[in-house]
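A closer look at the structure
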Amino acid sequence: MKVTLPDGSVKEVPTGSTFLDLAKSIGPGLAKAAVAAKLDGELVDLQASIPKDGRVVFIRGQDPEGADVIRHSAEHVLATAVVRLFAGAQVTMGPADHSKGFYYDFDVGRPFTPEDLEKIDAEMKKVIAEDVPFVRREVTKPEAGKIFAEMGQRFKPEILAWIPGETVTLYQDANFIDLCKGPHVPSAGKIGAFKLTGAAGAYWRGDATKDPLQRIRGVAFANKKELESYEKQMELAKARDHRKLGRELGLVNFSPLAPASPFFLPKGAKVYNLMVDYVRSLYDKYGYQEVITPQIFSAELFKTSGHYENYAENMYFAEAGHEAAGGEEAGAFGPGEAPTVEYAVKPMNCPGHCALYQMDLHSFRDLPWRVADFGRLHRAEGDATHGLMRVRTFCQDDAHIFCAEDQMAAEMASFVDLVDEVYGDFGLGDVKIRLATRPEKRMGADEQWERAETDLATVLKEKGRAFDLAPGEGAFYGPKLEFHVKDALDRSWQLGTLQVDFNLPERFGLEYVGSDSARHRPIMLHRAILGSLERFFGVYLEHTGGIFPTWLAPEQARVIPVTDRALAHAEKIRAALEERGVRATTDHSSDKLGAKIREAQLAKLPFMLIVGDKEVEKGGVSIRLQDGTDLGYLDLPAALARVAEDTEMPSHKRRRDTQKQGPVV
RNA sequence: GCCCACAUAGCUCAGUCGGUAGAGCACUUCCUUGGUAAGGAAGAGGUCACCAGUUCGAGUCUGGUUGUGGGCUCCA
């Protein structure tokens, strides 16, 4: 057999030798580090014999694909440990994607306790210490069925039935055999480090009407060091939890009196409003007009939009009691006969905007009509709420664009620019775009879908933007773009979205008069940049760890007197800062300087301006920055200029800088 | 909507075998006037989430409710 290695060299290997043999012949280090191999791009077991000539690449445990193999193998070791410890345990299956970790669903007749997990963990360590080999076997389906029947496994035959083809592959480690495509590590010892991260309920095939199962989750790595770095990352995430930071920094809090509904404290409200102001500051440039629409509508609106029929379980309804009572008192109706008007609290802005559109007759000259709304929305989410990330009341940087079909592409392009500008200003650099196309169940003509999907793809291509295609994941009413942003902790969040809607214009019978003086149906685009501002607040708080950019910081500068003798001077400095539009306070506490600095540091203030006897005498301040940098003494004008440099909103700053440059000659 | 766990001072948490509660931080007052991440003392703060039950007696045991967390499902 002739194999080509990544460096281009060709090696002759004896027939029947395995990939592991090949690795050993190259070097013992490689043989030790490798967990799998790739033959002509296809992942294979190291212990498999090389079947044909081809290009061979060895995959190490540290490589992303190697980490997947290690996690997948750890998952089998988990199952092995569970069947060893729990007589009669039924095993089902794990995830297809091992990029984040592994899990395996079991039925042992009861939930796993933390003590169970400890025992399972210990048993897994034993299997790994024994370095038991993973043995691959290819058998016919009936043979596999017989093996699982002997093992008393009742879920496996069902899985067997879904698998196409005549034969299946089995992997055996220690005393446990599992149905699996592989590949796996040659032996359990290659699993350098693992950790079980928890147990939770799940259902067979994710279906609540089917058997309840117990899922054990875990992570695994090539070595201890990688596990430790993972654990560190988890601790970091915990320390940055927005619920914790939100309370500690006095930004946001929650109360059982309004479940899953945030209370923004003065500082949090400051940041929140600055976020809104910032987005608003771009709306003129991009041609949006802001509107303010009702909170509570007659349920009729949502009957028209379709939400009443399809979304009612997530909506709050309201009844105006006085109407029924008033009718009875007036004697117009008998008891219980008064007509009650049913009201609903809006869960989204779009139906209201359709109602707004209907109020006037629109000409093609009016389009595109871009209607922005920071309206408060309420959704009766079930138990799946989570801090600010999933709440029952929130507001989006929401807008709807009513346009003609041939205007769609330009609107999409402009929106991509707007999103770029916003994410850039927030320092969110890692953006991935997904294009979700027509699902099975959908409304609207195929030609419409074709046009919209093509427009979206073309716009992205023309802008040179890479995107992932998500076939079939569009909404039933139209295709959409999703903007996924990675935060400082490498977690991905979907923030922005652009959704084409063929449905609502139809339901509301929206029209515009074209240049041909005939009536036409507009297209509606739903779009949001940051999405739910509550959620974005949470994401951004975790992204920054509470150290907001200065323009967003609720308190930008604190003047700290060393002793009370400097208080008057400190007040003067604060007033001068305030004059320049800086959000500044003075520290009046009777603490020592060290304690005052510590307080300001923990509050994550961008600027600390220290004034003591020396500064009083010379008239200036000493500046300390959030990162600990000591700028030393600055006279007052220099200090004010230094602070003001950072405090302005980026969109305002850009506009001013452009103006300064004067007209382009 | 489903499964599991948890709920003690503003926050973080201790509370043994069932015998009516503690610490640190924060808060208030007083002392201290100091030079770049915690000066000192005293004080106040609790229907142990809520409602039932078992018991001579419940923070502790049982059931229910609400809330929170983790997971599953859903997401027009």
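Before reading on, note that the structure itself is shown above.
Let us look at the overall build of chain A. For chain A, the count of helices and strands is 22 helices and 34 strands. Once the C-alpha set of chain A is aligned to its principal axes, its extents read approximately 80 × 80 × 65 Å. When each of the 665 residues of chain A is scored for burial, the buried share is 50%. Within chain A, contacts between residues at least 6 apart in sequence are counted, and of these 70% link residues at least 24 apart. Put simply, chain A has 84 plus and 99 minus side-chain charges, and the middle of one group is 5 Å from the middle of the other.

Glancing now at the sheet that holds strand 7 (residues 102–107). Spatial strand order, 6-7-12-11: 4 strands in an open sheet with antiparallel pairing. Looking at which strands have only one partner, the edges of the open sheet turn out to be strand 6 (90–91) and strand 11 (193–203). As paired elements, strand 11 and strand 12 (residues 212–221) share 10 bridges and run antiparallel to each other. Looking at the pairing, G198 lines up with R217 of strand 12. Where helix 4 (residues 114–130) meets the sheet, its contacts fall on strand 11 and strand 12, and the angle it forms with strand 11 comes to roughly 135 degrees.

So, on to the pattern of salt bridges. The full count for this structure, using the stated rule, is 47 salt bridges. Two residues, K52 and D40, come together in a salt bridge whose shortest N-O distance is 3.6 Å. Of this pair, K52 sits in the loop between strand 4 (42–44) and strand 5 (54–60) while D40 sits in the loop between strand 3 (34–39) and strand 4; the two residues are 12 residues apart in sequence, bridging distant segments of the chain. What makes K52 partly exposed here is its relative accessible area of 42%. In this structure D40 comes out as partly exposed when scored by relative accessible area, which is 35%. Linking E453 and R438 is a salt bridge whose minimum nitrogen-to-oxygen distance equals 2.9 Å. Of the two residues, E453 is situated in helix 15 (residues 446–462) and R438 in the loop between strand 23 (431–436) and helix 15; the sequence distance between them amounts to 15 residues. What makes R438 partly exposed here is its relative accessible area of 22%. Each member of the salt-bridge network shares a partner with another, and the members are R84, E123, K126 and E130.

Turning next to the sheet that holds strand 28 (residues 519–520). On the basis of which strands lie adjacent, the open sheet formed by 3 strands has the order 19-27-28 and mixed pairing. In the strand order of this sheet, the two ends are held by strand 19 (362–363) and strand 28, each with one partner. Judged from the 2 bridges that link them, strand 27 (residues 512–513) and strand 28 form a sheet pairing that is antiparallel. Counted as the bridge partner of V513 is R519 from strand 28.

Bringing unusual backbone geometry into the picture now. Note the cis peptide between L367 and P368, where omega equals -5 degrees. By secondary structure assignment, the location of P368 is in the loop between strand 19 and strand 20 (369–373). Backbone geometry at A174 places phi at a positive 50 degrees, although glycine is not the residue there.

A few words now on the pairing of strand 30 (residues 557–561). Most of strand 30 sits inside the fold, with 5 of its 5 residues counted as buried. What you see with strand 30 is no split at all: A557, V559 and P561 on one side and R558 and I560 on the other are buried throughout. Here strand 30 pairs with strand 31 (residues 584–586) via 3 bridges, running parallel. Counted as the bridge partner of V559 is T586 from strand 31. In this view, the connection linking strand 30 to its parallel neighbour strand 31 by way of helix 18 (residues 567–579) has right-handed handedness.

Further remarks concern the protein's contact with RNA strand B. Residues in close proximity to RNA strand B total 45 residues, the closest being Y203, Y311, F476, D564 and R598. Of what RNA strand B places within 4 Å of the protein, 50% of the atoms are sugar or phosphate. Note that a phosphate oxygen of RNA strand B is positioned 3.1 Å from one of the backbone N or O atoms of A260. Within the backbone of K614, an N or O atom sits 3.1 Å from a base oxygen of RNA strand B.

Turning our eyes to something else, we now look at the pairing of strand 22 (residues 393–403). Counting buried positions along strand 22 gives 11 out of 11 residues, so the element sits mostly inside the fold. Side chains T393, C395, D397, A399, I401 and C403 of strand 22 all project onto a buried face; the interleaved residues F394, Q396, D398, H400 and F402 project onto the opposite face, where all are buried too. As paired strands, strand 20 and strand 22 are joined by 5 bridges and run antiparallel to one another. Counted as the bridge partner of D373 is D398 from strand 22. Looking at chain direction, strand 21 (residues 376–378) and strand 22 are connected through 3 bridges and run antiparallel. Across the sheet, H378 pairs through a bridge with T393, a residue of strand 22. With 7 bridges connecting them, strand 22 and strand 29 (residues 523–532) associate as antiparallel partners. Directly across from F402, in strand 29, lies its bridge partner M524.

This next bit is on the nonpolar core. Of all hydrophobic cores here, the largest spans 64 residues; its most connected members are Y288, V422, Y423, F426, V500, I529 and L552. Looking at which domains feed residues into this core, each of domain 3 (263–323 + 350–544) and domain 4 (550–651) gives three or more. Filtering out sequence-adjacent residues up to four positions away, Y288 remains in contact with Y283, R370, A372, A399, I401, F415, L418 and R527. Among the nonpolar cores identified, the runner-up in size contains 37 residues, and V69, F86, V91 and M124 belong to it.

This paragraph deals with the side chain of E615. Of note, E615 is situated in helix 20 (residues 613–618). For E615, the side chain forms a polar contact with the main-chain nitrogen of G612, separated by 2.8 Å. Side-chain polar atoms of E615 contact the side chain of S622, separated by 2.7 Å. Those residues in contact with E615 that sit more than four places away from it in its chain are H569, I610, G620, V621, S622 and Y633.

This part takes up helix 5 (residues 141–151). Listed as buried for helix 5 are K141, A144, I147 and F148. Buried residues of helix 5, seen end-on, are gathered within an arc of 120 degrees and therefore sit on one face of the element. Seen from the open side of helix 5, the exposed residues pointing more than 90 degrees away from its buried face are P142, K146, A149 and E150. Residues of helix 5 that are buried make contact with strand 8 (134–140), helix 6 (156–162), strand 9 (167–173) and strand 10 (176–179). Downstream of helix 5 by one or two residues, G152 has phi in the positive range, about 75 degrees.

Take the environment of E542 next. Following the sequence through the fold, E542 ends up in helix 17 (residues 533–544). Overall, E542 belongs to the buried group, its relative accessible area being 5%. As for E542 and R240, which are separated by 302 residues in sequence, their C-alpha atoms are 5.2 Å apart. The residues touching E542, leaving out its near neighbours within four places in the chain, are R240, D241, H242, M389 and R491.

So, how was this worked out
- Residues numbered from 1 in each chain as written.
- Chains lettered and ligands numbered in written order.
- Predicted model: local features only at pLDDT ≥ 70, side-chain atom pairs only at ≥ 80, totals over all residues.
- Heavy atoms only, no water.
- Helix = DSSP H or I, 4+ residues; strand = E, 2+ residues; numbered from the N terminus.
- Buried < 20%, exposed > 50% of the residue type's maximum accessible area, 1.4 Å probe, protein only.
- Contact = heavy atoms within 4.5 Å.
- Lys, Arg positive; Asp, Glu negative; His and termini not counted.
- Charge placed at Lys NZ, Arg CZ, Asp CG, Glu CD.
- Pairing = 2+ DSSP bridges.
- Axes fitted to C-alpha atoms, helices over the stretch in contact; angles between N-to-C directions.
- Salt bridge = Lys/Arg side-chain N within 4 Å of Asp/Glu carboxyl O.
- Right-handed = clockwise from strand over helix to strand, strands pointing away.
- Near = heavy atom within 4 Å.
- Polar contact = N/O pair within 3.5 Å; in protein donor to acceptor, adjacent residues only side chain to side chain.
- Core = buried A, V, L, I, M, F, W, Y, C linked by side-chain atoms within 4.5 Å.
- Domains from an automatic or database assignment.
- Arc of directions from axis to C-beta.

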